[in-house]
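Structure assessment
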Amino acid sequence: MSTMSGLKAKLGLDVFKPDSEPHIRIKPGMEKDPRLKRAVLVCPAGLYKENADGAVEMTTDGCLECGTCRIACGTEVLEWNYPSGGTGVQFRFG
Ligand code: SF4
């Protein structure tokens, strides 16, 4: 098993309960900010993607709540909060 498929298999063990609102948002107008492109590289769950227009898009489905994107990009471009109690990730040997 390669490292990447091993990682996906481990992440697949975790359980996610979505919050009513996304707990991380790209601030409006910041989608093409160069700082956001760091998240494409560092998010361990691969939740950030750069589209053909050079804008970064993200989803919180599968977020590990590790905070790496918050540290890498900063709160000028990201609004970052923990999900409400009882929602979010539940780690299961992942
Ligand atoms: S908190 Fe971690 S897993 Fe969630 S989006 Fe940011 S870097 Fe990815």
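See the structure printed just above.
As a starting point, this report considers the structure included with it. Here the structure is a predicted model, which is why all the values come from computation and not from measurement.

Considering the overall build of the protein
From N to C terminus, the protein includes three helices and six strands. What you see in the protein, going N to C, is helices and strands ordered as α-β-β-α-β-β-α-β-β. Here the protein, with 94 residues, has 33% of them falling under the buried criterion. The long-range fraction of contacts in the protein, counting pairs at least 24 apart against all pairs at least 6 apart in sequence, stands at 64%. Surface exposure of the protein reaches about 6,100 Å², of which carbon and sulfur atoms provide 55%.

Observations concerning the packing of aromatic side chains
A full pass over the atoms with the stated rule returns one aromatic pair. Here Trp-80 and Tyr-82 contribute two aromatic rings whose centre-to-centre distance is 5.0 Å and whose plane-to-plane angle is 85°, an arrangement assigned as edge-to-face. Relative accessible area serves as the criterion here: at 60%, Tyr-82 is assigned to the exposed category.

Looking at the state of the cysteines
Taken as a whole, this structure holds zero disulfides when the rule is applied. Note on Cys-73: no disulfide assigned, nearest cysteine sulfur contributed by Cys-69 at a separation of 6.3 Å.

Description of the site of the ligand
Around the ligand there are 13 residues in total, and Cys-43, Cys-63, Leu-64, Cys-66 and Cys-69 lie nearest to it. Assessed atom by atom at 2 Å from the grid points, the ligand resides in the largest cavity.

A few points about empty space enclosed by the protein
Applying the stated criterion across every chain yields a total of one cavity of 30 Å³ or more. Approximately 90 Å³ is the volume found for the largest cavity. Residue classes in the lining of the largest cavity are distributed as twelve nonpolar, two polar and one charged.

Comments concerning the layout of surface pockets
Unoccupied space between atoms shows up once a probe the size of one water molecule is rolled over them. Put simply, the largest pocket is a space of about 160 Å³. Lining the largest pocket are 15 residues; nearest its centre among them are Lys-17, Pro-18, Asp-19, Thr-60 and Asp-61. Going through the elements one at a time, β1 (15-17) and β6 (88-90) are the ones with two or more residues in the lining of the largest pocket. Grouping the amino acids of the lining of the largest pocket by side-chain chemistry returns six nonpolar, four polar and five charged.

Each value, and the rule that gives it
- Residues numbered from 1 in each chain as written.
- Predicted model: local features only at pLDDT ≥ 70, side-chain atom pairs only at ≥ 80, totals over all residues.
- Heavy atoms only, no water.
- Helix = DSSP H or I, 4+ residues; strand = E, 2+ residues; numbered from the N terminus.
- Buried < 20%, exposed > 50% of the residue type's maximum accessible area, 1.4 Å probe, protein only.
- Contact = heavy atoms within 4.5 Å.
- Areas by Shrake-Rupley, 256 points an atom, 1.4 Å probe, with all protein chains shown as cover.
- Phe/Tyr/Trp six-rings, centres within 6.5 Å; stacked < 30°, edge-to-face > 60°.
- Disulfide = S-S within 2.5 Å.
- Near = heavy atom within 4 Å.
- 1 Å grid on protein atoms, 1.4 Å probe; cavity = no way out; pocket = protein on both sides within 12 Å on 5 of 7 lines; lining within 4 Å.
- Sits in = over half its atoms within 2 Å of the grid points.
- Points joined across faces, edges and corners; volume = space filled by probe spheres on them.
- Nonpolar A, V, L, I, M, F, W, Y, C, P; charged D, E, K, R; others polar.

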